[in-house]
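For reference, the chains in residue letters:
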Amino acid sequence: MYRTVRLIRIIISLIAMTVPTWALLAGYESVFVRMQILTALFAGVAVCLVFWTIVTIIYGRIYCSTVCPLGTLMDCISASSRTIRRAKPAYSYTPPSPRTKLIFLVAAIIAFLSGSAFLPTVLDPYSAYARMVEELIARPLGRAWSAVAFSISALSVAIITAIGVIAASWKHGRIICNTVCPIGTILGLGSKRSVFHIEIDPDRCINCGECEKVCKSQCIRLPQKTVDTSRCVVCFDCTSVCPNQAINYKSGRYRLDMPMMQEIGNRSTAQTSAEK
Ligand code: SF4
Ligand code: SF4
Ligand code: SF4
């Protein structure tokens, strides 16, 4: 079942990346632009942030695994990297970076509130993606329809963004999503205790490590059998590779079927009965 869900998720994310890209090249405005959180906030529409915050509190960071074109681009780059390098054990757990996240979030908020557009648009994932498409694809092809005239600073920001995104996601998957992106930091607060989340069943887990190897958010801590849901982007990659259905997307928490004390208690009861 998880393989089908994952496939549907990938198809939706590719559509959500391809349509706005085509729209940028063809000069149309796509509906996906209105679903982008920071872009909507810039336009003074806060309802988009409220909607996605509620969705995240219930279902986790689905926005990051389906709607954000920059996230999908990073997935394409990291998937290509794994294919080219033929490195199967691509990822392993890394500790979270709360300080880095906070610095970028606070800087973006201060810049936004003080009326400066530069930093928020550099950090806004959709603006960053659109700038790369416009400056690095549309303009060289003569398809740039944007009213914004050519500027060396926009081109420089687009080149630096592209280099940063490729370099980071080539080896570290979604590291930008869990350090630099202010939207990722905000949604991570909601997904930390989301109703539905990825969780490991300690009774079923056989410690094979397959889930950790494919987790591009590097948020599966196998020795503790925990998943940092604030960083998980609900991509279903881990659930699709588990050989024992031990990692699942569910509500509620797993409890050990046979906790240690319960087992000891049962043993002593059996011993007492045998002695009698
Ligand atoms: S964390 Fe930011 S860049 Fe990453 S997928 Fe989410 S919104 Fe996009
Ligand atoms: S893939 Fe499944 S069985 Fe293997 S370590 Fe992960 S949760 Fe455990
Ligand atoms: S924990 Fe699983 S669903 Fe979450 S990001 Fe990692 S691989 Fe994807």
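Below: a short report on this structure. (Residues numbered from 1 in each chain as written. Chains lettered and ligands numbered in written order. Predicted model: local features only at pLDDT ≥ 70, side-chain atom pairs only at ≥ 80, totals over all residues.)

Quick look at unusual backbone geometry
The cut-off we apply is this: In this description a helix means any DSSP run of H or I spanning at least four residues, a strand means any run of E spanning at least two, and both kinds are numbered starting from the N terminus. Any residue whose C-beta has 12 or fewer other C-beta atoms within 10 Å is treated as exposed, any with 20 or more as buried, and any in between as partly exposed, C-beta atoms being built from the backbone.
Positioned with a positive phi, Lys225 is a non-glycine residue whose angle comes to about 60°. Looking at the element boundaries, Lys225 is found in the loop between β2 (220-221) and β3 (226-227). Note on Lys225: 17 C-beta atoms within 10 Å, which makes it partly exposed. In this structure, Val234 is a non-glycine residue whose phi angle is positive, near 50°. Residue class for Val234 comes out buried when judged on the 25 C-beta atoms lying within 10 Å of it.

Comments concerning the packing of helix α1 (residues 2-26) against helix α6 (residues 69-85)
Keep this limit in mind: Axis geometry follows a simple rule: fit a line to the C-alpha atoms, using only the stretch in contact for helices, then measure angles between N-to-C directions, giving values from 0 to 180 degrees. Roughly parallel means an angle under 35 degrees; roughly antiparallel means over 145; roughly perpendicular covers 65 to 115; every other angle is labelled oblique. Note on convention: the crossing is left-handed when the near helix lies turned anticlockwise from the far helix by less than a right angle, right-handed when the turn is clockwise. Once C-beta atoms are placed from the backbone, any two residues with those atoms within 7 Å are in contact. Note on residue categories: nonpolar means Ala, Val, Leu, Ile, Met, Phe, Trp, Tyr, Cys or Pro, charged means Asp, Glu, Lys or Arg, and polar means any other residue, Gly included.
Contact geometry for α1 and α6: axes closest at 9 Å, N-to-C directions at 115°. As the angle between them shows, α1 and α6 are arranged roughly perpendicular. Classified by chirality, the crossing of α6 by α1 is left-handed. Of the residues in α6, those in contact with Ser13, Leu14, Ala16, Met17 and Pro20 of α1 are Pro69, Thr72 and Leu73. A breakdown of the residues in the contact of α1 with α6 according to their chemical character gives six nonpolar, two polar and no charged.

Quick look at the site of ligand 3
Basically, it comes down to this: Note on definitions: a residue is near a molecule or strand provided its C-beta atom, placed from the backbone, lies within 6 Å of it.
Around ligand 3, a shell composed of 14 residues is seen, among which Cys215, Ser217, Cys232, Cys235 and Cys238 lie nearest. Tallied by class, the residues present in the shell around ligand 3 amount to twelve nonpolar, one polar and one charged.

Thoughts on the nonpolar core
Let me state the cut-off plainly: Residues of type Ala, Val, Leu, Ile, Met, Phe, Trp, Tyr and Cys that are buried and joined through C-beta atoms within 7 Å form what is called a nonpolar core. Note that the domain bounds were set by an automatic or database domain assignment.
One finds Tyr129 and Cys238 to be the most contacted residues of the largest nonpolar core, which totals 49 residues. Within the residue set of this core, elements represented by two or more residues are α1, α5 (62-67), α6, α9 (125-138), α10 (152-172), α11 (182-191), β1 (196-200) and α12 (210-214). When residues in this core are grouped by element, the largest group, seven residues, is from α9. Taken domain by domain, the makeup of this core includes at least three residues from each of domain 1 (2-190) and domain 2 (194-251). Non-local contacts of Tyr129, meaning those with residues more than four positions away in its chain, are made with Pro69, Leu70 and Leu73.

Observations concerning the environment of Phe118
Relative to the assigned elements, Phe118 resides in helix α8 (residues 118-123). Sequence spacing of Phe118 and Ala108 is ten residues, and the spatial spacing of their C-alpha atoms is 9.4 Å.

Brief notes about the environment of Phe236
With respect to the helices and strands, the residue Phe236 is situated in the loop between β3 and α13 (237-241). Using a count of 22 C-beta atoms within 10 Å as the deciding quantity, one classes Phe236 as buried. In the structure, Phe236 is positioned 230 residues away from Arg6 in sequence and 5.4 Å away in space, judged by C-alpha atoms. If near-sequence neighbours (up to four positions away) are discounted, Phe236 is found in contact with Tyr2, Val5, Arg6, Arg9 and Tyr249.

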